[in-house]
Every structure is written in structure tokens, then in C-alpha cells.
Amino acid sequence: MSRAFAFVATLLLAWPMMQSAHAGGVPKPSILIESPGTQCVAPPAEIRRNHMEMLKHQRNLTLREGVRGGKVSLNGCIECHASKKTGSVIGSNDNFCQSCHAYAAVKLDCWDCHQPKTGKAMPTSAAEAKP
Amino acid sequence: MTTILSARADTPKFWLLAAIGALVSAIGIGAALYMEHHGHSVTGMNNQIVWGLPHVFAIFLVVAASGVLNVASIGSVFGKTVYKTRGMLAGLLCFAMLAAGLVVILLDLGRADRIMVAATHVNITSVFGWNMILYPGMFGIVVVYLWTLMEKRMYPFSKPAGFAAFIWRLMLTTGTGSIFGFLVTRQAYQSAVIAPMFIIMSFAWGMAVFMIVQKAMYRWNGMTLHPQIRARLKNLLAVFVGAVFYFVAIYHLTNLYFARQVEFERFILLDGGIFPLLFWGGWFVLGTVLPLILIFTPALSKMSGSVTLASLFVIVGAFCQLYVFIIGGEAFPLDIFPGMTTSSSFFDGQVDQYSPALPEWLLGIGGLGIAFTMVVVGVRVLKFLPEDNIAKLQASGALAD
Amino acid sequence: MSANNNRRSFLTASATMAAGAGFIAIAPGISLIEVSHARPAGEAASKANRWGMLIDSNKCTAGCDACVKACSTENRINEQVADPRQRSQWIRKIDIKDKASGRQHSLPMMCQHCAEPPCVDVCPTGASMKRADGIVLVDRHICIGCRYCMMACPYKARSFVHQPLTEQNPEVPRGIGCVESCTLCVHRVDKGQLPACVEACTEGAMLFGDLADPNSEISRRIAQEATTQVRADLKLNPGVRYQGI
């Protein structure tokens, strides 16, 4: 009996919070397209749903079989979508990858190893080589 | 048959033990999270000592887990009643230590978050890959085996289940030993004797763990082990300790005979600093000679607690032996250019100095905590206490009057 | 080029042209006809090639680490590491002294890109792999960081990344918790360029080429001159061969 009461009380207390979540408590991510007018490798709807599969397929092709210059490329994503300000796709909830992944609460694994900044935003090898 | 329900009367003590176990486990997992966050830079491990203290703990747990089931096998496979009574406790210990050992190994991975990758991608040429199949299989078989021991309708199946467990754990420990035995590169390993040596080590270590746990449970319940059963178990422990000595001796003697291995043996046995110390002082004196003296000196062996002490020494010796085997084997430099001395910024040709860092200790001890907690809870909720029906044993001739 | 193909293929194409047109200067006054051609976009690495190296330790100067520096720069192995034993080294200079004769020499040591790589055999997940053209790589996507390959490698060629990294070369991903080693500069080789170390060696001690092509410079030299495989007793058939050991 008391357990049932506790359950109802919890529901009542949690109700306003659940409401606010529905009422847009967590704002939808704003996806900033830095280079409007350029052509992505696939329509946005397909990218949104399948980008992870596309990248996974390509990563196996490139790394394990050595296929270069494919249509899909993580560095390609970065070149177009990195923030103009920071040159990166992560680092802030305004930046391309992080904006959606923070919203969807999906951990980003790519950037432990891959460079999230564009090649332009990184110091070049040649410049570094000079003593 | 009188039934003393294990430890039901002693509730506060149970909660205390369970809480201590849970705390130690939690600290260990916290240490692993810390390592995960900062990377292995917070450990003493490096590019030469790639497997460190966590692996010493993990391999002890996994090997002892396999060996402790030996007690059950003698009962179910070879039909010895005294051991059959002990099968359930042995099964529980096996399950708990195997789980704890695996947790330590997995939490030490550089990418512990990729546990699913490890489970879904298996390279069949890898001894590690084989173990990825052997370990889950062991869990399954132990669970079924325990079921056949505890559920009356399943009793008829306990013999085949016990036999399956017997075969499987021989494969399992062969697999664990072969992780090293199949390594052609390092001078400490690449020996076919390592797999059988691991099997016999598992018998000794598992037996020692079993004796200590049994002693604790008996004391908790105010029971004493029948002297004849005690004598039988301690003698078996001594046989295993002696067999480990034989295998270790063979391993080192063959190495001493091969000219290319002499330098390595000199390092392990003579001038390698901590390693000869742990080998002679830890494994040989504490882990081998002392237990045998305690078991075979009549005046000592009759004293209460002497077998427990001997078991404790066997376990201390086991840790020393694994430390020498794993860390010592890695500390000795690779012989990339035989006949030449080498030096480089990558420490070629140098003996590596390894000192385990706190997170490694905590993770390893956390593993012991996990096994301990599982056993404490297990013996509380189910009936694992080995109780001997002395009258029946005497009637059947298994015990002398 | 179809409109569908974006900048990536353009980049690849321009790299192809640059490589195709070129002679590579290996030392002042000496140039060598391009040893490899960029693979066209979309084409997989082929068994018809086996990339390898011939290192002449007679020409290698003790104390010179131009190859090591070039590797660190190219692959950005320049992170600050408190414990030098935990620092990644894809290529290192080893000074060697014959115990009997006292003869000393020096050579660069790196992943030997074995035809029978022990690291690949022992890897539990298949992350350690050999590409069709013989380049041994770590697939970091499925590397779990168990370090078994480091236990198995006879050349101590592999390193474990002990800390988070941020300054990677976009073309050379590497990161925390994974094992890594020399990639033979696979990202350059695929574009028809030489590995960074080979390009940087002004002494001409390092020769890169296709061991599967009998007419390549490296194959001809190996056919005519005495060369050594390090730890030849293990029969791993390394792709890196040495002279003067």
C-alpha cells in the first residue's frame, strides 16, 4: 500500500519536469552550415540517419583495403563543416558534430584519434620541420 | 543429516564483510576509471613493461579459479565423496574468481569502453581470441554444474557436467598459459612447458584458496574439519606444491642448458634485483618450502591453523612467482641483435625498472574485493557450506573409524 | 570528373599528377625515378606490390637522427610525456656494438612490416592487420589496447599511447589507449610519395620500394648484394632489410 502511494507521489512530483522537457526544455541543436551552397555527398536526411554507417563503411575500406579518394571521408566532413571561428567540429555545443551529439547524448569516439580541426587550422608539417 | 544453514545467525557480521568487499571493489573500479580518464600515464606501465601489476592479480585470479574447481572434479569425475561435498563451494569460488580476474583484465585495457568490440571481433589465430571463447564457456559450464549439484532432479547429470567442467578448465588454463607459451619473442616465454605448468599451478593455488575459504566458513559456523579429511586435503595441497616446484625447476633447468638463455636465467635467478629476491625469498622459501614444512612436520601440522597458514604462504608465493614470470620476463631486454650490445633512446638493451603505481595496486586489490564480495554473498544466500556426513563416510569405508 | 566527385578526388588527382611528373631528389645531385605511383581513387591496395625498405647501416651516421625527426614531424609524434618510457617511438636509432669484435655501427629501427607478423597473429580482435601490399597497420577502430602485440613483436616496434592526444596530423589519426607503430607513411605512399624518414635521409642510407617488382631498385639491390633480415631465425620475412649489420 505504502509502495503504491510512493509511486503516485513520485509521478506527481516529476510531472512538471516531464512537462517542461516536452515544452522544449532542451533546445533543438542549431546546426550551422558554414559553407552554404556547397554540395554534400548525400541529402541531409540521409546523412542525419546514416552518417555513422557511411563513415564506418568508408573507414574499413580506407584503412583495411587502402581505398583512397572515396566519396565519404571524415576529413571531408571537417573541411566543410568545421566552425569558421575555431576551425573545429567539436569543442563547443555550437560546433557541427558536438551540437547534435550533445543533444542526442551519443558519445563521440572519433576525436580521440582523429583530428577535429581542418588541415588549414593545424600548423603544417613543413613549418614545423624548420628548426 | 543435520543441516547448519550457513551463517544465517550472524547477520551484522555478514553485512560488515559484504560492505568491506563492496568498498574494496568500488575503490578498484574507481581506480580503473581514473586510469581510463587519464590514460595509462598514471600507471607505472610503459612501452616495455606493457603488462604490469593488474595482470599479476588478474592471472592469479583466473588461474586459481580454474584450479579450485579441481576439488569438485575429484568428487564428480573421480567419485570421491569427501570432495563431492565440497563441489558446490568450489564451483562458487571458481565463478567468483574467474569473474573478478576478467574484470581486472578488461578494466586495464587501453580502451575498456570497447568491450563489445572484444566480444564481437574474434581473431582465431590469437591465443587471447581463444580465451575470449574459453572464459564465457567456463561461466556457462560452472553455472550448469552448480545447478546439477544443487537441484535434486538434476543430480544424475552432475557427473557429465563435472566431466565437462574438468575438460573445459584444463583447456582454459592451457589457454592462459599459452598466452605466454606462444610468444616466440621474449626469452622468458616461448616454452611448451608453460601450459602444463600453469595447469599444475592452478591446482595448487586453487586448493590453497579453497582451504582458506573453507576454514573461514567453518570457524564462522563453529565447526571443525574432521582430522582425517583435513589430513587428506593438506596432503593433496602438498602434492600440488611439490608438482609446481618440479615444473618450475624443469623450466629453469632447460633454460640454463641453452646457451642463448643463460643470460636471462642469470638475471632472474641471480643478479636481477627484485626478481631473484621474489623468486628465492617469495616463491621458493615462502611459497614452497615453508608450506611443505608446515604440512609435513607432524608437530606443526597438528597445530590448529597450520594448514591455513601453509595455504596463505602458497598464495603469497604464487603472487611472487607471477610477478617474476610476467614483470621479470618483460623487464629483461629483447635480444634484437644476438651477439651485440644495443643502446637507444627507446631503452633497447636495458633492463626496465618498473614500479607499480597506486591505481594499479587498487585495481588489482579491487579484483580480490570483487571475488570476496561474490563469495560472501553467495555463501549467504545459497547453501555452499561443505558438510561431511562422518557416520556415512565411515560406514562406506571412505574414512577410518 | 563528375560533379558528384568533390574536392577529395580533386586533391587525390592533383597528388597523382604531381607524383607522376616527378623525380624525387634523394640527395643533392642524385635523383631517383619515382618508385611508386599514386593509386587511382577507389582502387584498393594490391597484392601485386609489397612495399619495403633497404637500410644501409654503413651509410648511417651515429648521432644523426634526421629520419626520427622527420617521422615525428610527419606523424606529429611530439606530445609532452612525463615518463620517457611511456613515449611513443615509431622509429628510433639504435647504436650497436659487436660483443666479440667491438665493431660499432648505428641504424634506424622501426616496424619491419613482416610478411608473417606475430602482432597480427596474436591480436584478439583483428585490429593488428597486414594490408594487401604488405604494410602492417593497427586498425584503431577495433584496437582494445590489450598490448598483446607489444608482447609479441620481436623488434620492440610498437608503442602504446598512454595519454590523450590533440595535435594529430589529420591524415595520421592516433590516440589514447591504442597501440601504434610505423605505418610506412601509408598516407604518403598511397599518394605516390616516399615515407618521411626515407625522404629525410641525406646520407642515402634508406631506400624505399616494391619488393614484389623484380625491376625495382630495391629488388635489384637485394638480388645482387648481401642483405640481412633482423631476427631472420624467426622466419618472419620482414619487409625492411638491412646491410652492414
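Reading guide: rules and limits
Residues numbered from 1 in each chain as written. Chains lettered and ligands numbered in written order. Predicted model: local features only at pLDDT ≥ 70, side-chain atom pairs only at ≥ 80, totals over all residues. Heavy atoms only, no water. Helix = DSSP H or I, 4+ residues; strand = E, 2+ residues; numbered from the N terminus. Buried < 20%, exposed > 50% of the residue type's maximum accessible area, 1.4 Å probe, protein only. Core = buried A, V, L, I, M, F, W, Y, C linked by side-chain atoms within 4.5 Å. Pairing = 2+ DSSP bridges. Axes fitted to C-alpha atoms, helices over the stretch in contact; angles between N-to-C directions. Polar contact = N/O pair within 3.5 Å; in protein donor to acceptor, adjacent residues only side chain to side chain. Disulfide = S-S within 2.5 Å. Contact = heavy atoms within 4.5 Å. Buried area = accessible area lost by both parts, 1.4 Å probe. Salt bridge = Lys/Arg side-chain N within 4 Å of Asp/Glu carboxyl O. Expected span 1.5 Å × (residues − 1). Left-handed = near helix turned anticlockwise from the far one by under 90°.

Caption draft 1: Quick peek at the overall build of chain C. Across its full length, chain C carries seven helices and 11 strands. When burial is assessed residue by residue, chain C has 59% of its 245 residues classed as buried.

Caption draft 2: Fine view of the nonpolar core. Ranked by internal contacts, the top residues of the largest apolar core, which has 186 residues, are Phe60(B), Phe180(B), Trp205(B), Met53(C), Tyr148(C) and Met206(C). In terms of nonpolar packing, the next biggest core, distinct from the first, is built from seven residues, Ala32(B), Met35(B), Val42(B) and Val104(B) among them.

Caption draft 3: Focus on the sheet that holds strand β3 (residues 51-56) of chain C. All names here are of chain C. Overall, mixed pairing links the three strands, which are arranged β10-β3-β11 in an open sheet. Looking along the sheet, the strands with just one partner apiece sit at the ends: β10 (206-210) and β11 (240-243). Within the sheet, the average angular offset between the axes of one strand and its neighbour, ignoring direction, is 20°. The pairing of β3 with β11 spans four bridges and is classified as parallel. Within β11, the residue paired with Ile 55 across the bridge is Tyr 242.

Caption draft 4: Looking closely at the environment of Thr62(A). All names here are of chain A. Structurally, the position occupied by Thr 62 is in helix α2 (residues 44-65). Put simply, Thr 62 and Ser 73 are 11 residues apart on the chain and 9.3 Å apart in space, counted from C-alpha to C-alpha. Only 3.2 Å separates the side chain of Thr 62 from the backbone oxygen of Val 67, close enough to count as a polar contact.

Caption draft 5: Structural context of the state of the cysteines. In the structure shown here, the tally under the stated rule is zero disulfides over all chains. For the unlinked cysteine Cys119(C), the closest cysteine sulfur is that of Cys111(C), found at 6.3 Å.

Caption draft 6: Inspection of the sheet that holds strand β4 (residues 91-98) of chain C at higher detail. Pairing within the open sheet is antiparallel, and its three strands lie in the order β1(B)-β4(C)-β5(C). Edge strands, defined here as strands with exactly one partner in the open sheet, are β1 (340-344) of chain B together with β5 (104-110) of chain C. Averaged over all pairs of adjacent strands, the angle between their axes in this sheet comes to 30°, without regard to strand direction. Looking at chain direction, β1(B) and β4(C) are connected through five bridges and run antiparallel.

Caption draft 7: Structural detail: the interface of chain C and chain B. Contacts between the two partners involve 52 residues from chain C, matched on the other side by 57 residues from chain B. Taking both partners together, chain C and chain B bury about 4,700 Å²; carbon and sulfur atoms supply 57% of that area. Among the residues chain C hides against chain B, the three largest losses belong to Arg85(C), Met151(C) and Lys156(C). Together they make up 19% of the total. Our count for the chain C to chain B interface comes out at four salt bridges. Among the salt bridges present, the one from Arg92(C) reaches Asp348(B), with a minimum N-O distance of 2.5 Å.

Caption draft 8: Layout of helix α1 (residues 11-38) of chain B. For α1(B), with 28 residues, the first-to-last C-alpha span of 40 Å sits near the 40 Å given by 1.5 Å per residue. Positioned one or two residues after α1(B), Gly39(B) has a phi angle of 85°, which is positive.

Caption draft 9: Structural context of the packing of helix α8 (residues 194-220) of chain B against helix α13 (residues 306-331) of chain B. Residues and elements named next belong to chain B. Closest axis-to-axis distance for the α8/α13 pair is 9 Å, and the angle between their directions is 145°. Two packed elements cross with a definite hand, and for α8 against α13 that hand is left-handed. Along the contact surface, α8 presents Ile 194, Phe 198, Met 201, Ala 204, Trp 205, Ala 208, Val 209, Met 211, Ile 212 and Lys 215, while α13 presents Val 307, Thr 308, Ser 311, Leu 312, Val 314, Ile 315, Ala 318, Gln 321, Leu 322 and Phe 325.

By themselves, these figures tell us nothing about what the structure is for.
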